[in-house]
Structure formats: C-alpha cells, structure tokens
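Next come the chains, spelled out residue by residue.
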Amino acid sequence: MAQIPNYDHINVEKKWQKNWEDRGAFEVDNAPSEKTTYYILDMFPYPSGAGLHVGHPEGYTATDIVSRYMRMKDYEVLHPMGWDAFGLPAENYAIKTNVAPEKSTRGNIENFTGQIKSLGFSYDWTREIATCDPSYYRWTQWIFSLLYKNGLAYKKEAPVNWCDGCMTVLANEQVVDGACERCKNDVLQKNLSQWFFKITDFIEDYVDEKTGRTTTGLINGLDKIDWPESTKIAQRNWIGKSFGTEVDFEIEGSNQGITVYTTRVDTLFSGTFIVIAPEHPLVEKLTLEEHREEVRKYMENTQGKSEIQRTDLNKDKTGAFTGSYAINPVTNDRMPIWVADFVLVNYGTGIVFADAHDERDFEMAKKFNIPLKVSLRPKDDELWKQVENLEVCFHEEGILVNSEEFDGLISAEAREGITDRLIKEGKGRRTTNYRLRDWLISRQRYWGSPIPVVYDSNGNASIVKDDHLPLELPTDVDYKPKGTSPLGSSEEYVARAEELYGEGARFEIDTMDTFVCSSWYFWRFMDPKNEKLFAGSEALKKWGAVDLYVGGAEHTVMHLLYARFFCKVLHRFGYIDYDEPFLKLRHQGMILGEDGEKMSKSRGNVINPNEIVERHGADTLRMYEMFMGPFKDMKPWNMNGAAGIYRFVQKVWKLYSSVKGNGFATDDACENLRHKTIKKITEDTENFKFNTAISQMMVYVNELNANGATKKDMEALLLILGIYSPHISAEIWELLGFEKELGFLDEQPWPIYDAALCVDNEIEFAVQVNGKLRGTFMSAPNITKDEALKEARELENVSKFLNEGEVLKEIYVPGKLVNFVVR
RNA sequence: GCCGUUGUGGCGGAACUGGUAUACGCGCACGACUCAAAAUCGUGUUCCCUCGGGAAUAUGGGUUCGAUUCCCAUCAACGGCACCA
C-alpha cells in the first residue's frame, strides 16, 4: 500500500487560495442574470496598526460559510471586503511620528489584506474599496451636497467637547469619565459653529407630495426588517419617542409666556416651581435686576463644566433663582422660576415645571427650600403618610388628590382629562417628543473626508460644485493640534479655493465624522469604479438591499442608525427603490481571552490569528471560531479547544487516507446518518447554529472512520465540510479524483437529503412511571399505543413499580415515550 | 435608576413545538503502542450511595402525567443608555 503523506495544511491552503484567485472563483459582474442575487456583507474593518485579531474572522467566517452555501444553492452572491480607513489613530500616529496618515493607513491595509487572504474567505477582491481614497470620498462629498441642496445639512452653533491640553475638539468616544483619553485633562464645553445632518426629519414616515411615494421612517422601518429584537429596541430607545403635553404658563408682569413639555401632566396640580436650562435664550429676559449677579455667577460656573460633569447623577443639585414667577394654569399658584443645569436645553422646550413627584425636582426644592405640594397618592397607606409629609418623593403613578375634578382618577386617566381641560382653555396641547438629535458631523481633524463647502470673502457658505469634486485633502498640513482644524494650516488649500472661487474664498476646514463615510459603503461595493455616480442604476437594480449583514453589537445604534438614515435619504430623492438597507442582521459575540477577560494588549491575553493559521491552519481557525459556542454569545478562547478541532481536521485526512488505501466501502452502513447529517447541516447553517453543525460533522466523521465510507459518503462529507473548511475539502475532493467528472468542489450544488432516509426504522422508547425514567425498549417508530403499553409493562423494572399501586393513567407519546401514572 | 442579555458537569457548550438532561469538544483517569516521551488509538468520566436507588439545569414557588423549556417572585453576572421632564 502506498504511503499517504500527513496533511500539510500550509501548502494545501496556499495552493487553494491561489487556485481561487487565479480562477476568479468568487468574482461577480453587474450584468443582469437569470440567477437570484444575494448580497452578503461584513462590517468593513478599520485597518488598525495592531492588525487582525481573532474577533474579526468570527464574523467573516460566518458570512463566508453562508456565501459558499448560497452559491452552491445557485444564488449569485455578492460578497465584498473593504476598509473603513479614515480615523483618529492614524492621525495620532502622524502627530507622534510625522508619518503621513495616508502612508501608515496604506501599510495597515496591506497587512490586513494579507491576513484576511490567508483565511481563505470567498471575497470578490476586485471590488475592494477604501473610504480614504479620493475616488470614494468624492461620493461621500456628493451625498453631503445632496443633503445640503435639500436643506438637510446645515450649520449652527453647538457645544462640543474641548480639551485644553490637546487644543482640540474631541469626539464623545474620546472622552473617558469626563477627561481627555489622551492627556487626562478635564474636558470642557465650548460653543463652536458645526455642520449637522437633519436625521430628525426621517424619524417618521414621509410621503412625497408630488409622487405620493412613502419613505418609511426610522421607527416604523424597524418593523419590516429581520434584525435581533434587542437591537431594534435599542434603536427605538435611542430615538426616544414620547407622547406628552405642552403646557403654557403665563409670566407674572409680562405678556410673554413660556411653554413646558411633560409626559406627566397628571402632576400639574402639584407644580410649584419652574426650572429652565442655563443655555436657554429666555434666561436673560426672565432674570430680574436684583438676581442678575447670582444668575451670572451660576452660569459662569456651569459653562466651565463638561456635559459629563453636569450629568453626573451623584452630584448635588445646583441652581439660581431668576426673581420671576410663572402662574400655574390650573391652580393659579405663583411658581418661582429657577435656572438649573439638570434641565437640558435640547430636550422638550428646555423648561420644566417642577413638583414633589419628581426626584430631581424634589431634591432641588429640599435644597433651596422651595415650597412643595402633593397631588398623587400611592396605594400603600404607610407610604402615603411619608409622601404627604414630604419626607419621601413618590414618583410613580398613583391616584390623584388635591386636583379638583380629577381627584380619585389614576394617573393615566388624569393625563387625558387634564390635557383635555388645558386644550379647552387654550393653555396646552398634545405633542410628541424625541430624544434623537440632529447628527453633528463636523470634526476638527485632518484624517477624514473634507466637507465640500466654500466660503466667500464675507464668510457666506456655498456648496463646492460637482465638477470640483473630489475636494481632495491637502498634504501640506501641520498635524499638531493648535485649537483649529489642521486643514487651516494648508497654504495649498487656500490657493486652490482662490483659484476656483475667487480671491478671499476659503474651503471649510473641518472634516466629516468617519461615520458619514461608513454610512453608504455597501452601495459603493456594487459599482466601485463608477465615475459618474455613487453606483450605477444597473448595479443598484441587480443587487438591491443587503440581504445579510453581520457585525458586532457595538454598532447597535450609531452606524446602523446612520446607514438607515442615508438609505432613507437616497430613497426620498429617488436614487434607490427600497428604504431599509439591511434586510437581515446578525451580531457576533465577542471572543474573550483565555482568562475570560476582554482581550487587550495591557492584559497580555491577545490571541493572534496568524499564530493559529501557521500552527493548525486556516481551516482549524475557522472551524474553531464557529465551534466555540453560539454565534451571538460572548465566549472565551481556549487553545486546547482549537487543538481539538485540529484533531478533527486530522481525522478527516485519516478518513481520506483509509479510503485511498482500501477503496470506498461497498456497504452503505451510514446512509441514514448521511441523510440526517445533510439535513442538520443545512438547517443549522441557515439558522446561524454553526456550533451544532460542526458537532454533527464530528459525529459523522467518527462513524465513517469506524464503519468505512462509501463514495456517496465522501462526496456528501466534502460538500458540507467544504463551506466550513474549504481548503482540506477541496484538496481531498481533487485527490479522490472527483474533480474530473464534476468540476471544482466550490462549483458543486449543495447536497440534498431524502426525508424518508432520515427516519430511523428502530428507535428507543422511554418508559416512565410518574414521570421518572424506569426503562427503555427498542421498537419501530410507528408502533400503536397498545403495543407500546404492552412492551412497557413487560419491562421488569417497570412492572415492579406498577404493582405498587393502581395505574390511574397511561400516556403514550408516539415515537417518544410511555408514562404510567400510579397512585 | 431604566432597557436588554444570560445563569446546565472540572471547562466551552447540547437538548426539536413541554417528552429519556448533560450531544459534540476540552480536561482528567486508566489501558494499548514505545526503551522512554510526544503523537495516536481504546475505555471511563454530573454528584451521592447501603448498588436497590436517590438528587441535580442560579434560588424559591406555581401550572402539568411530565418543566432546562411555560408563569410568578428573588438573586447573580454581563452589555447598553442615563438628571430626556
């Protein structure tokens, strides 16, 4: 017998990766085709200097398995990969080393590409894109223009996080516990003129006046997509729609009033004071002369604080009295108007009415000795005594008291009644409020897409002409932060502006948030080289929305909300004919270090995928990551577990060796298991239950090693294993000579199972007495109840228990069990 | 505080629609091969036990002939949001 060499994963994997690349095995074009298309997308990575870590291939393996599966099911699959290449780390690296972000990013991309390619994923690399490429961000800028021209991109003053140490604005993510993540200085609030996208315009459904076409809003759209329920809930909470009442208050000695938004109008009768946000424009007017100094001092104090400090729940309530009074519209009580920073200017109307049934209000009243009243009583009498004596704050729903005709109603009823009365008296109305604010996209950084806006010598903004796009990043900049955007230091940028737009013209020097670039990349993959459009209509029509999107749950709100927003924008303006970009979404769970902690350099528990690929091969890495546990769960790495998968790969090779040496088995001993296995892998793969699919393959391989494999067994095994471990499967497929008659493994149809052959002709029945297992017997599954009971009674261990009492009931579950109820 | 997710052997985990809990893998133990070790192969492995059985799926109840699965309460861990009126 010829000696079969040991499995050489290093060369076999290289060989097949080259084969796929040379053949263009996974490349697809945009020409219309007979096949149904399917678009499978990974969240494209940020190419960091640290390189790939084992978390990346978890999602990539899942999409690769599904991509290969769908191709075998005869779908035309678009499965691309690219780079979310703008971002702060490259810029920080540039500040430290003066290496241009462009250069370090290109290097990182090269590194990532090599690592990803070593895992044998079936990407169409001809569609690779990078968001930092001018040919890409040209279209990011085009989308900005589209929003600008339709009044959906605007500039206004907004408070931003400011670090005096770094002399720059920071993103919220860069602020850790109220301090700069880099220099640890306290972060302050500063007002700067910033660009915003009007995402709030897309919360609700929109009907186009001319065409009558509806663009589903960000809330309702969630109902029609297959996403994890928890992600949908998080998005709804983030949007934060609430129904409430606007109440108008008169100001004593003024003909101007104020309006307050509340969801708890049932507590209006206990409203004894008003609180207004420090930034509110009315503060100035409401503050009387003798209180001006006190309020001014308070404001000064507040302005020096960051939002994080201001919203620290543990801190004491602070505030200042303006001297003005409002009139409670239902009780006519005089309500002192205070300024306090726990009220946020950008939610509701920036003013609240305060009362004893809100913890913040209660706390503030106690601190400043503001009078309180109660208007809600709890069911519990003991508690009521304390509430009535203003010892504790009762903030839940209750029964109304001291509220005139509404006494005795429960909170929900009272809200309706009180609102109706306010409406009748012209003092209020029902309204809806949202927590979601417009998206601030300006960044005072270098390494992002330039904002295509130009200012004339008077500072008037206009959009950069389409002919002048892309507005490319200048390279003659000083990366060191000085308090303004790095682009401001470029002479070349000024020269270009003046050349195109006349003397004194200046381009906007802020760049866009990188989330803008990643909000539309999935369309660019469809037609990455198009120079006339972000993607051509033929490509857009062929591929449609993303059918399957896989990525981490950390993008539950930001990225996934922004991408939905862009989709709705393009739908509203007629560029695409669907208004949800991702039809099916799945999240992978995080892979933890061997110590069960999050992987981090400082902990020293980072697993490098290169190491696994060298030691055990890409097939092992792929399979192990899928076998660790449920896809969406967090799970710790275990080197021994990976070695176990390597052993499985060896067993597959051993099976091949034995077939090569002894020939195929002639007795189809595993026919039943073969069909059951195909069935289970098919179902598990479709349901993202990759861990149990692999278990089943192990069972099958173990049985084949024990009983011998027929030709049908080997074909079936390689076809199903081929989507999980494509290299070894393709190799054995070729070595067994299957390719000559059938072509390459990855060109085969997915195997089908015969449902009739999945059924066992003899199964084990369980016999219980009072629900406790007392024995089993083997029988045909279609046995009648009487036959089953007879078999069961004859078991020695069962009859013993039956004789101990009277049999009250006999239960027979076909194909499963018999249960006797004995008293 | 609010929202969400999860609790099953020594470990990762499995269990269809309420029907034999612990599949598969890891680890461990013993055995085979070997001068020996590694690798490999085989056997065993939830716990207790008087070997007949008893107990166990975070805890305490409930529904049911029967509950990891359904219901109620409690506890713990993780993740997100957080002075949102």
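Overview of the structure. The model shown is predicted, which means the values in this text are computed figures rather than measured ones. Sequence order sets the numbering: in each chain, residues are counted from 1 along the sequence as written. Naming scheme: in the order in which they are written, chains are lettered from A and ligands are numbered from 1. Predicted model: local features are reported for residues with pLDDT of at least 70 only, side-chain atom pairs are reported and counted for 80 or more only, and whole-chain, interface and lining totals are derived from all residues. As a convention, hydrogens and water are excluded, and side-chain values are obtained from all of the structure's heavy atoms.

**Focus on the overall build of chain A**
Along chain A, the regular secondary structure elements total 27 helices and 32 strands. In terms of overall dimensions, chain A has a C-alpha envelope of 105 × 90 × 55 Å along the principal axes. The buried share of chain A, taken over its 823 residues, is 53%. Whether two residues touch is decided by their heavy atoms; if any such pair falls within 4.5 Å, the residues are in contact. Excluding contacts between residues fewer than 6 apart, the proportion of contacts in chain A whose partners are at least 24 apart in sequence is 71%. Secondary structure follows DSSP: runs of H or I at least 4 residues long count as helices, runs of E at least 2 residues long count as strands, and numbering of each begins at the N terminus. Buried residues are those whose accessible area, probed at 1.4 Å on protein chains only, stays under 20% of the maximum for their type, while exposed residues exceed 50% and partly exposed ones sit between those limits.

**Side note on the sheet that holds strand S32 (residues 817–822)**
Read across the sheet, 4 strands follow the order S30-S29-S32-S31 without closing on themselves; strand pairing throughout is mixed. The open sheet is flanked by strand S30 (772–779) and strand S31 (807–813), the only strands paired with a single partner. If you compare each strand with its neighbour and ignore which way they point, the axes differ by 15° on average. The pairing criterion is simple: DSSP has to find at least two bridges between the two strands. When S31 meets S32, the two strands line up antiparallel, connected through 6 bridges. Within S32, the residue paired with Val813 across the bridge is Leu817. For every element, the axis is a line fit to its C-alpha atoms; helices are fit only across the contacting stretch, and the angle between N-to-C directions ranges from 0 to 180 degrees.

**Section: the sheet that holds strand S23 (residues 506–507)**
Pairing between sheet strands relies on hydrogen bonds along the backbone, with the strands arranged either parallel or antiparallel. Read across the open sheet, the 3 strands follow the order S22-S21-S23; overall the sheet is antiparallel. Lying at the two open borders of the sheet, with one neighbouring strand each, are strand S22 (461–463) and S23. Where strand S21 (residues 453–455) and S22 come together, 3 bridges link them in antiparallel fashion. What sits directly across from Val454, in S22, is Ser462. Taken strand by strand, helix H5 (residues 134–149) contacts S21 and S22, and its axis lies near 120° from that of S22.

**Re the pattern of salt bridges**
The working definition used for a salt bridge is a side-chain nitrogen of Lys or Arg within 4 Å of a carboxyl oxygen of Asp or Glu. Applying the stated criterion across every chain, the model contains 57 salt bridges. Residue Lys373 pairs with Asp333 through a salt bridge whose shortest N-O separation is 2.7 Å. Separated by 40 residues along the polypeptide, Lys373 in the loop between helix H10 (359–368) and strand S16 (376–377) and Asp333 in the loop between strand S13 (320–327) and strand S14 (334–339) bring together distant segments of the chain. Residue class for Lys373 comes out partly exposed when judged on its relative accessible area of 32%. Residue classification places Asp333 among the partly exposed residues on the basis of a relative accessible area of 24%. Beyond isolated ion pairs, a larger network of salt bridges with shared partners links Glu404, Glu405, Arg421, Glu425 and Lys427.

**Some words on the pairing of strand S1 (residues 37–42)**
Within S1, 6 of the 6 residues are buried, which leaves it mostly tucked inside the rest of the structure. Because side chains alternate across S1, one face comprises the buried residues Thr37, Tyr39 and Leu41, and the other comprises Tyr38, Ile40 and Asp42, equally buried. Pairing between S1 and strand S2 (residues 76–78): 3 bridges, direction parallel. By the bridge assignment for S2, Tyr39 is matched with Leu78. Consider the strands pointing away from the viewer: the crossover is right-handed when the path from the first strand over the helix to the second runs clockwise. This β-α-β element, S1 to helix H2 (residues 55–72) to S2, shows right-handed connectivity.

**Details of the environment of Gly483**
As for its position among the elements, Gly483 is in the loop between S22 and helix H13 (491–501). Distance in space between the C-alpha atoms of Gly483 and Cys163 is 9.0 Å, their sequence separation being 320 residues. Those residues in contact with Gly483 that lie beyond four places of it in its chain are Trp162 and Met167.

**A closer look at the nonpolar core**
Among the nonpolar cores identified, the biggest contains 168 residues, and Trp523 and Trp637 are the most heavily contacted of them. If you tally residues by element for this core, the top one is helix H20 (residues 639–662), at 10 residues. In plain words, nonpolar cores are sets of buried Ala, Val, Leu, Ile, Met, Phe, Trp, Tyr and Cys residues tied together by side-chain atoms within 4.5 Å. Among the nonpolar cores identified, the runner-up in size contains 51 residues, and Ile351, Leu372, Val387 and Phe394 belong to it.

**Details of the protein's contact with RNA strand B**
Residues are labelled near a given molecule or strand when at least one of their non-hydrogen atoms is within 4 Å of it. Looking at RNA strand B, there are 52 residues lining it, with Thr263, Tyr347, Arg360, Met628 and Asn819 nearest. At the protein interface, 60% of the atoms of RNA strand B within 4 Å belong to sugar or phosphate. Separating a base nitrogen of RNA strand B from a side-chain N or O atom of Arg437 is a distance of 3.1 Å. Here a phosphate oxygen of RNA strand B and a side-chain polar atom of Arg647 are 2.7 Å apart. Lys, Arg, Asp and Glu make up the charged group, whereas Ala, Val, Leu, Ile, Met, Phe, Trp, Tyr, Cys and Pro make up the nonpolar group; the residues left over, Gly among them, are polar. Classifying every residue of the surface near RNA strand B gives 20 nonpolar, 15 polar and 17 charged. Here a polar contact is taken to be a pair of N or O atoms separated by no more than 3.5 Å, where protein atoms must pair a possible hydrogen donor with a possible acceptor and residues adjacent in sequence count only if both atoms sit in side chains.

**Examining unusual backbone geometry**
Residue Leu469 is joined to Pro470 through a cis peptide bond whose omega torsion reads 0°. Relative to the helices and strands, Pro470 is located in the loop between S22 and H13. One non-glycine residue, Asp74, adopts positive backbone phi at about 75°. Counting through the fold element by element, Asp74 comes out in the loop between H2 and S2. When its relative accessible area of 48% is taken as the criterion, Asp74 is described as partly exposed. Backbone geometry at Leu390 places phi at a positive 60°, although glycine is not the residue there. Note that Leu390 resides in the loop between helix H11 (381–388) and strand S17 (399–400).

In short, geometric facts, not functional conclusions.
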